[in-house]
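# Structural overview for review
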Amino acid sequence: MGFLDDAGLRRVWSYMKTYVDSKTAAISEAVKLKTTRYLEGVGFNGSANTSHYATCSTSGSTAAKTCSITGFSLVTGARVIVRFSYANTAANPTLNVSSTGAKAIYYKGSAIPSNYIKQYTVLELVYSGSYWYVVGDLTQYLVDTLVSPTALYTSTTGIYASALTTWKYTTVSGLSTWKEVRLWVEVGDVTCGYVTVNTTKNTAYVNGYYSTAYNGTMRVIADFANNRVGVYVAGVTGWAYSNMRVLRVEGLVKA
């Protein structure tokens, strides 16, 4: 067997390198999908990891929120997980992912209200073809609301009946959007304090007794469906009707 000279060795090396390079390229292509496919809105072809996570650094007062995800496409069923750096205080916020178009953020069938997205909240959102829908319940908002009640009605004169055993109603705007509220109730100068009612048990009874000359019994109701609070005086002695009243209505838990 003869030995190859330098030129022959170079030819063999060149051939082997070409062969190896072609196989390497073929293997590289083999691990990739021939056509990029979108998994819940993010393109995947086998060459790199995918992620649905993004950070939104848009200021809280700006309704047009933006974020970016590599390989994102706005298709029906697209899913994103967004961490909001600031609490949203704007009405009717939208989200534009990777400049694919601003779409409204919806929660339970309507535009998400301001202050529902707290600072550093991480939300999972699914695109319906028209809107971004929040996945699940915003339970933390309910907790925050319970800790910090929202004033729905305040008055120095209050809500009080004008006749015995007759309901007197006063409109309380927005009451129908709440599930539970508390009422500050006063009976003369003896009994005062909060009573809590909800959409299941919306009536409370209150009475006050100072003496046989000053006492009274009343009933209060939160008529959630009709956005009103009512007062019913069952009996009163000594005090005027205006001494038996509701001075404040505060929302505790959203419906």
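Numbering of residues begins from 1 in every chain and follows the order in which that chain's sequence is written. This being a predicted model, a pLDDT of at least 70 is required before a residue's local features are given, and a value of 80 or more before pairs of side-chain atoms are given or counted; all residues contribute to the totals for chains, interfaces and linings. Hydrogens and water molecules were not included; the side-chain quantities draw on all heavy atoms of the structure.

### Observations regarding the side chain of Thr94
Each helix is a run of DSSP H or I of at least 4 residues and each strand a run of E of at least 2, with the numbering of both proceeding from the N terminus. Topologically, Thr94 is positioned in strand β6 (residues 94-97). In contact with Thr94, other than residues within four places in its own chain, are Ala63, Ala64, Lys65, Ala102, Lys103, Ala104 and Ile105. Note on contacts: a residue pair is in contact if any heavy atoms of the two residues lie within 4.5 Å.

### What about the nonpolar core?
Grouping buried Ala, Val, Leu, Ile, Met, Phe, Trp, Tyr and Cys residues that are joined through side-chain atoms within 4.5 Å yields what is termed a nonpolar core. Burial classification: accessible surface area is computed with a 1.4 Å probe over protein chains only, and a residue below 20% of its type maximum counts as buried, one above 50% as exposed, and the rest as partly exposed. Leu175, Val181, Val220 and Val249 are the most contacted members of the largest nonpolar core, which has 26 residues in total. Of all the secondary-structure elements, those providing two or more residues to this core are β11 (150-160), β13 (178-187), β14 (191-198), β15 (203-211), β16 (214-223), β17 (228-237) and β18 (244-254). Counting residues per element, this core draws most heavily on β13, at five residues. The contacts of Val220, once residues within four sequence positions are left out, are Trp167, Leu183, Val185, Val195, Asn202, Thr203, Ala204, Gly230, Val231 and Val246. Counting residues in hydrophobic clusters, the runner-up holds 23 residues, among them Val82, Tyr107, Tyr127 and Trp132.

### A look at the sheet that holds β14
Between any two strands, pairing holds if DSSP finds at least two bridges. Strand order in the open sheet formed by four strands is β11-β18-β13-β14, with antiparallel pairing between adjacent strands. The open sheet has two edge strands, β11 and β14, and neither has a second partner. In this sheet, adjacent strand axes meet at a mean angle of 15 degrees when their direction is disregarded. Summarising the sheet, β11 and β18 pair through six bridges and their orientation is antiparallel. Of the residues in β18, the one forming a bridge with Thr150 is Gly251. A fitted line through C-alpha atoms serves as each axis, taken over the contacting stretch for helices, and the angle formed by two N-to-C directions is quoted from 0 to 180°. The sheet contacts of helix α2 (residues 139-147) involve β13 and β18, and relative to β18 the element is tilted by about 155 degrees.

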